[in-house]
Amino acid sequence: MSIAFEIFIWLIVETGLSFLFYSTGWLLLKVVTLGLYKSEFKDFTSYKASKARRVDLTFLLGFGFYVALIVLMAYLSH
């Protein structure tokens, strides 16, 4: 495989995972605040456009959720 093809694949994977983390963080904020969180959910296209500008805190919350889930599964399986 060429290096350009591998970079292309990793960019697609990175974009998909970052959107998954963002949507999980947004959903967690809606559930934890019982719907009082007043941010509008961005679709995939508008998320990709705004992603390059800053790191979103909802993204970090979603990422932290999956990290905590992995740590919990590792702890429970040991």
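Now for a look at the structure at hand. (Residues numbered from 1 in each chain as written. Predicted model: local features only at pLDDT ≥ 70, side-chain atom pairs only at ≥ 80, totals over all residues. Heavy atoms only, no water.)

Brief notes about the packing of helix α1 (residues 3-32) against helix α3 (residues 57-77)
The description of two helices packed together rests on the angle between their axes and the distance between the axes.
Logical step 1: Running from N to C, α1 and α3 point in directions that differ by 95 degrees, and their axes come no closer than 6 Å. Judged by the inter-axis angle, α1 sits roughly perpendicular to α3. Across the interface between the two elements, Ser18, Leu20, Phe21, Tyr22, Thr24, Gly25, Trp26, Leu28 and Leu29 of α1 pack against Thr58, Phe59, Leu61, Gly62, Phe63, Phe65 and Tyr66 of α3.
Logical step 2: Residues belonging to the contact of α1 with α3 are distributed by class as follows: 11 nonpolar, five polar and no charged. (Axes fitted to C-alpha atoms, helices over the stretch in contact; angles between N-to-C directions. Helix = DSSP H or I, 4+ residues; strand = E, 2+ residues; numbered from the N terminus. Parallel < 35°, antiparallel > 145°, perpendicular 65-115°, else oblique. Contact = heavy atoms within 4.5 Å. Nonpolar A, V, L, I, M, F, W, Y, C, P; charged D, E, K, R; others polar.)

Comments concerning the packing of aromatic side chains
Logical step 1: Scanning the entire structure with this criterion turns up six aromatic pairs.
Logical step 2: Considering the side-chain rings of Phe19 and Tyr22, the 6.2 Å spacing of their centres and the 40 degrees angle between planes classify their relative orientation as tilted. Residue Phe19 and its partner Tyr22 are located together in helix α1, separated by three residues, close to a single helical turn. Accessibility assignment for this pair places Phe19 and Tyr22 in one class, buried.
Logical step 3: Through pairs of rings, three or more aromatic residues link up here, namely Phe21, Phe59, Phe63, Phe65 and Tyr66. (Phe/Tyr/Trp six-rings, centres within 6.5 Å; stacked < 30°, edge-to-face > 60°. Buried < 20%, exposed > 50% of the residue type's maximum accessible area, 1.4 Å probe, protein only.)

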